[in-house]
Amino acid sequence: MTGIVTFLTKGSRPFWLALLVITWALSTWSFPLYKALGARWIIKFPKKYELSLDTWISNAMTWLVEDAHFILFTFRDLTRFIAAMIEIPYRIMRSLLIDGFSLGQGQQAIEIAPSISWIAIIGAMAALAFYAKNRALAWLAGLCFAYLAVFGQWESAMVTLASVLIAVPIGVGGGLALGILSYRHPWFERLLRPLLDLMQTVPVFAYLVPILFLFGFGPVSALVATVIYAMPPMVRVATVALHSVPEEIIEAGRMVGSKPRQLMWKVLVPTALPSLMVGVNQVIMLSLNMVIIASMIGAGGLGYDVLTSLRRLDIGGGIEAGLAIVVMAIALDRVSQAFAIRRVRPRPDPSKPLYLRYPLLSFVMALTVITTLLGLWIPAFRLYPEALTITTGSIWSTIMEWINVTFFDTLEAIKTFFLTYLLLPVKRFFTGIPWAWGIIVMGLISARLGGWKLGLMAALMTLFIAANGLWAKAMITVYLVSVSVLIASAIGIPLGVWAGQNARANTVIGTLIDTLQTLPSFVYLIPVVMLFRVGDFSAMIAVVLYALAPAVRYAAHGIRSIDPELIDAGKAAGCTDRQLLVRIKMPLAAPSLLLGLNQTIMLALSMLVITALVGTRDLGQEVYIALTKANTGQGIIAGLSVAFIAIMADRIVTALARTSQERLGVK
Amino acid sequence: MTKLTILSAALLTAVSATTALAEVESLDPIKLTTHDWTGQIITTTIMGEVLKKAGYNVEYVQADYIAQFAGLKTGDLHVAMEIWETTGREAMDDATNSGNVVNMGSTGMDAVEEWWYPAYMEKVCPGLPDWKALNDCAAEFATPETAPMGRYLGGPVTWGGFDDERVEALEMDFEVVHAGTDAALFAELESAYQREAPIVLWIYSPHWATAKYDGKFVQFPPYSAECYSDPSVGMNPDAAYDCGKPTGPIWKVAWTGVADKWPGAADAIKAFDIDNDAMGTLVGRVDLDGESIDAVVADWMANNEANWSSWIK
């Protein structure tokens, strides 16, 4: 008995080898085994023991929407009240940016005040960038916003900007509040952590239906979904940032007699501000990631333009609107990052007149008033004149057609090669694994790497997936993710290593990665389908393109953060560049590479749900079907299954990273 | 000073406009849903513009095709202009049975959904559009993943359509591959059409594709309700679905409260009528020629005044 226990927990190579061989054998022969023994339960979870959790959840949802009430008002009244509270600032923001203010309804409406001139908005953005950093950033931000006007994306972009400007403060405020609570009460943090994991890993599609039911149809539901998706990093960053405020500073605060509230808002939060800004930046970027999905449920804006362009196969239109999202993301990202590292500057001299004390603010105010007033008479000041917009027109479609006609056969051959030698074998391996062995093996792997608690958790999570009848779809998910992650790492890590060693490569690769991450995947999904047809291969390409970023970033970071003394030591010992890389840099960067792997897996999983739009038969499809059929229970169960796979992968890779860090003695 | 004059002038026009349109029952906006395909948005915009001419206020709300029924039942949303017999029947029946949603009659358009092939395939596969001829040259439609079977690109699984069952019942040598969205469906068609490569896929009409691409629907044994429900009917005595897909009207539905709150609007919605050809042309102008929906609708309104003004009488 002890022998087995030691073998399972201590033995190294034999353990992994045995596990692999057994899994492989079972996967290959599970079907003959079922035929020979007449035991169908081997390959399929018995129907009669399947949980009907999805029906319960759907029923609970119906009850919540239709019957639940707190004596004076119903649950729905409560959510509708919240919806109205969000809608008011949203409407004001939209009126300010694009719609203009008006009184009355529909045709009886009278405009009482115009929206801000486009010139003033570009000016304000540039001024903000100048305030945050310098002239170069001001140019960048100004040009990014000018792109929106020149390419005729202004109106949609302002609708998107309005929702970002509402979602971000709610996400940041809520995140900070939860972060403060977590900082003050460790029990709250313990309670919140699994919830945050779920918020980050359950695909958005899974909870869109209940949100629509509760918050009504329209932009508010899209805002709520965006906040749920974008808030978790803020909570995490806030908790960590508050914890890492030096004890001396807190002591100093206490010595001058601060009350807890004063300590928090006058000492802790200001000290942690640079770190908190990192969280703000994350919230902004994630909100922009949600633009496409939000537009599916009524947010309108740029996401809607991308969707409708691609539905009529107007690839150029899709790319232009998609790039509009990218430039907006770049402008907002760079400016918010600049705020994160901005040095505190001396307060202006109070003896000067107001407009000299705040020259930038005065400039923006003056610009706004003048251009907006001019806009009342000259339409060109209010909206960028349509005659001056430019478009790439059909150039993109023509290029696409040329590639399609010229290279299709070559691409087809490459695709067939990958399908035959990589995708299909891996698919057969994963889909063959009997569910019962799957539970055992997940338990064993996790227990071996992270202790018995993790093992038990993994086994239970796997059981949950199997018991809800989702085993086959889950295995297809695992297969697609593992193949995509493999290829993303094979491309991403060398790129990252190169970027880590060469500053010029870093600039080029960095820009490429930023674009790939913020460009809505739908933009490249449709061309990919044109070249590779509907199927797993197209899905894989889309996932690889999206999940490449962390593999590159973490590899570059890992290489850059190696202690230079170690490299010098290697050089002194006479290592060639190649030896330096293979023997010193790569092993030392291993923990960083593993963290990158972790993130790659997370992004691949989140992307899988989008690839259901091309037609994969995995959990992503299950979630998507549930969405289109408005089946709350089915969506949440499939969403939870995706989340569980993500959580298991995260814990296992984190455990691996920890052991490799300990082995190397680095932090 | 000038600004003040403009404002008061605007106020004056607004006041006079209000008096002119005072006969409508309620000024609350009527919420019409829009989905993600152009034809539906055009239908809805025409309806909305006509209602505006009658003095009603309208608001377009973007909502999912199936999910919208939840909103229609509670009165969050008011009118849905296109519910296809072929894809929306179940959800529509479910909603009308609740008593909170009513069918406002047909839009005058007929939905067609069937297997479709580009005209150049007739050279490779003589005998088309007959389905037996299609089956005889199934190998022409094979791809490395499906060989030796032919590849048929079906709609998203959520569309239903019973293609897997049809292939089984008619013993066709085809494998059904489901696209995830209709954007993916038409992306593949565009790609194949550019290369004149073999393809057979699910197409629906009214849609711009039938205007842009030259091709035909495959002719299956004609649909009957019994064919779907009774295995013994049709050429395969042991299987249902051994026939083509049903065609049927595209319906309009509304929240029950519409007739109480805006009776005049309800009558106009019931009277709405347009045919496949007219709609096909409008959709083509938007999706193929790149005109804006508003411009196309405004043009239609100008040319068909006699038609739509009878709806709001």
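Procedures and definitions
Think of each chain on its own: its residues are numbered from 1, step by step along the sequence as written. Throughout, the order in which chains and ligands are written sets their labels, letters from A for the former and numbers from 1 for the latter. Owing to the predicted nature of the model, reporting of local features is limited to residues with pLDDT of at least 70; listing and counting of side-chain atom pairs is limited to 80 or more, with chain, interface and lining totals taken over all residues. Runs of E in the DSSP output that reach at least two residues are strands. Runs of H or I that reach at least four are helices, and both are numbered from the N terminus. Here, residue contact means that the backbone-derived C-beta atoms of the two residues sit within 7 Å. C-alpha atoms define the radius of gyration, and 2.2 Å times the number of residues to the power 0.38 defines the globule rule. Residues are called buried when their C-beta atom has 20 or more other C-beta atoms within 10 Å, exposed when it has 12 or fewer, and partly exposed otherwise; all C-beta atoms are positioned from the backbone. Ten residue types, Ala, Val, Leu, Ile, Met, Phe, Trp, Tyr, Cys and Pro, are classed as nonpolar, four, Asp, Glu, Lys and Arg, as charged, and the remainder, Gly among them, as polar. As used throughout, a nonpolar core is a set of buried Ala, Val, Leu, Ile, Met, Phe, Trp, Tyr and Cys residues joined through C-beta atoms within 7 Å of each other. Throughout, an axis means a line fitted to C-alpha atoms (over the contacting stretch in the case of helices), and angles, computed between N-to-C directions, take values from 0 to 180 degrees. Oblique is the label for any angle not covered by the other classes, which are roughly parallel (under 35 degrees), roughly antiparallel (over 145) and roughly perpendicular (65 to 115). Handedness of each helix crossing follows the sense of rotation of the near helix against the far helix: counterclockwise by less than a right angle gives left-handed, clockwise gives right-handed. These domain boundaries are the output of an automatic or database domain assignment. A residue's pLDDT is the confidence the predictor assigns to it, expressed on a 0 to 100 scale. In this scheme, a helix's expected span is set at 1.5 Å multiplied by one less than its residue total. Pairing between strands is defined by DSSP: at least two bridges between them are needed.

Focus: the overall build of chain B
- A tally of regular secondary structure across chain B gives 15 helices and 9 strands.
- Taken along the three principal axes of its C-alpha coordinates, chain B extends 80 × 45 × 30 Å.
- Nonlocal contacts in chain B, meaning residues at least 24 apart in sequence, comprise 70% of its contacts between residues at least 6 apart.

Some words on the overall build of chain A
- For chain A, the helix and strand inventory stands at 30 helices and 4 strands.
- Here the C-alpha radius of gyration of chain A, 27 Å, is about what a compact globule of 667 residues would show, namely 26 Å.
- Principal-axis analysis of the C-alpha atoms gives chain A an extent of 85 × 70 × 65 Å.
- Across the 667 residues of chain A, 45% fall into the buried class.

A short note on the interface of chain A and chain B
- Each side of the interface is counted separately: chain A has 41 residues, and chain B has 45 residues.
- Every element with two or more residues in the side of chain A that touches chain B is listed here: α9 (204-215), α15 (301-311), α20 (395-432), α25 (521-532) and α29 (619-628) of chain A.
- Counting residues per element, the side of chain A that touches chain B draws most heavily on α20(A), at 6 residues.
- Broken down by class, the residue content of the side of chain A that touches chain B amounts to 23 nonpolar, 13 polar and 5 charged.

Brief notes about the nonpolar core
All names here are of chain A.
- One finds M328 and V543 to be the most contacted residues of the largest nonpolar core, which totals 289 residues.
- Ranked by the residues each element gives to this core, the list is headed by helix α26 (residues 536-560), at 18 residues.
- Sequence-distant contacts of M328, that is, excluding residues within four places in its chain, are made with C144, L148, A157, L161 and L288.

Regarding α15(A)
- Judged by how many residues are buried, α15(A) sits mostly within the fold: 10 of 11 residues are covered.
- Those residues of α15(A) that sit buried are G301(A), L302(A), G303(A), Y304(A), D305(A), V306(A), T308(A), S309(A), L310(A) and R311(A).
- Looking at the buried side of α15(A), the elements it contacts are α7 (154-184), α14 (291-296), α16 (315-340) and α25 of chain A together with α8 (182-195) of chain B.
- A positive phi of about 55° marks L313(A), the residue just after α15(A).

So, the packing of α15(A) against α16(A)
Residue and element names in this part refer to chain A.
- It is at 8 Å that the axes of α15 and α16 come closest, and there the two elements cross at 160°. On the basis of the axis angle, α15 is roughly antiparallel to α16. Of the two elements, α15 crosses α16, and the hand of that crossing is left-handed. Judged by residue contacts, L302, D305, V306, S309 and L310 of α15 engage G317, G318, A321, G322, A324 and I325 from α16.
- Tallied by class, the residues present in the contact of α15 with α16 amount to 6 nonpolar, 4 polar and 1 charged.

Some remarks on the domain arrangement of chain B
All names here are of chain B.
- One can read the domain layout of chain B as domain 1 (25-109 + 249-309) and domain 2 (111-229).
- One C-alpha centre belongs to domain 1, the other to domain 2; they are set 30 Å apart.
- For the side of domain 1 that touches domain 2, the element with the most residues is helix α13 (residues 276-287), which contributes 6 residues.
- Its residues assigned to classes, the side of domain 1 that touches domain 2 shows 6 nonpolar, 6 polar and 2 charged.

Notes on the environment of N631(A)
All names here are of chain A.
- Locating N631 in the fold gives a position in the loop between α29 and α30 (632-664).
- For N631 and P527, which are 104 residues apart along the polypeptide, the C-alpha to C-alpha distance reads 31 Å.
- Leaving out residues up to four positions away in the same chain, N631 has contacts with S58 and A626.

Examining the confidence of the model for chain B
- On average, residues of chain B carry a pLDDT of 85, and 93% of them reach 70 or more.
- The model gives residues 1-22 of chain B a pLDDT under 50, and that stretch makes 9 contacts with residues more than four places away or in other chains.

Focus: the domain arrangement of chain A
All names here are of chain A.
- In terms of domains, chain A is made up of domain 1 (115-150 + 350-379), domain 2 (167-342) and domain 3 (471-664).
- The centre of domain 2, based on its C-alpha atoms, is set 22 Å off from the matching centre of domain 3.
- Across the contact, 26 residues belong to domain 2 and 26 residues belong to domain 3.
- Of all the secondary structure elements, the ones that give two or more residues to the side of domain 2 that touches domain 3 are α8 (186-201), α9, α14, α15 and α16.

A closer look at α9(A)
Residue and element names in this part refer to chain A.
- End to end, α9 covers 15 Å across 12 residues, agreeing with the expected 16 Å (1.5 Å per residue, within 8%).
- With 11 of its 12 residues buried, α9 lies for the most part within the structure.
- When we look at burial in α9, the residues that qualify are V204, F205, A206, Y207, L208, V209, P210, I211, L212, F213 and F215.
- After α9 finishes, the residue G216 shows a positive phi value of roughly 85°.

Notes on the packing of α7(A) against helix α10 (residues 219-230) of chain A
Residues and elements named next belong to chain A.
- Two numbers describe how α7 lies on α10: the axes approach to 9 Å, and their chain directions differ by 45°. By the angle between their axes, α7 is oblique relative to α10. For the element pair α7 and α10, the recorded crossing hand is right-handed. The residues of α10 that touch α7, namely those facing S163, I166, A167, I170, G171 and G174, are P219, A222, L223, T226, V227 and A230.

Details of the pairing of strand β9 (residues 248-255) of chain B
Residue and element names in this part refer to chain B.
- In terms of burial, β9 is a largely internal element, 6 of the 8 residues being buried.
- With 4 bridges connecting them, strand β3 (residues 79-84) and β9 associate as antiparallel partners. Across the sheet, I83 pairs through a bridge with W251, a residue of β9.
- Across 6 bridges, the pairing between strand β4 (residues 101-118) and β9 is antiparallel. Among the inter-strand pairings, A111 is bridged to a residue of β9, identified as G248.

Observations concerning unusual backbone geometry
Residues and elements named next belong to chain B.
- For the bond from L128 to P129, the omega torsion is 10°, close enough to zero to count as cis.
- Inspection of the secondary structure puts P129 in the loop between α5 (121-124) and α6 (131-136).
- The residue after S205, namely P206, is reached through a cis peptide bond having omega 5°.
- Within the secondary structure, P206 is located in the loop between β7 (200-205) and α9 (208-212).
- At F162, a residue that is not glycine, the phi angle is positive and equals roughly 55°.
- Topologically, F162 is positioned in the loop between β5 (150-154) and α7 (163-169).
- Phi at Y241 takes a positive value of approximately 65°, unusual for a residue other than glycine.

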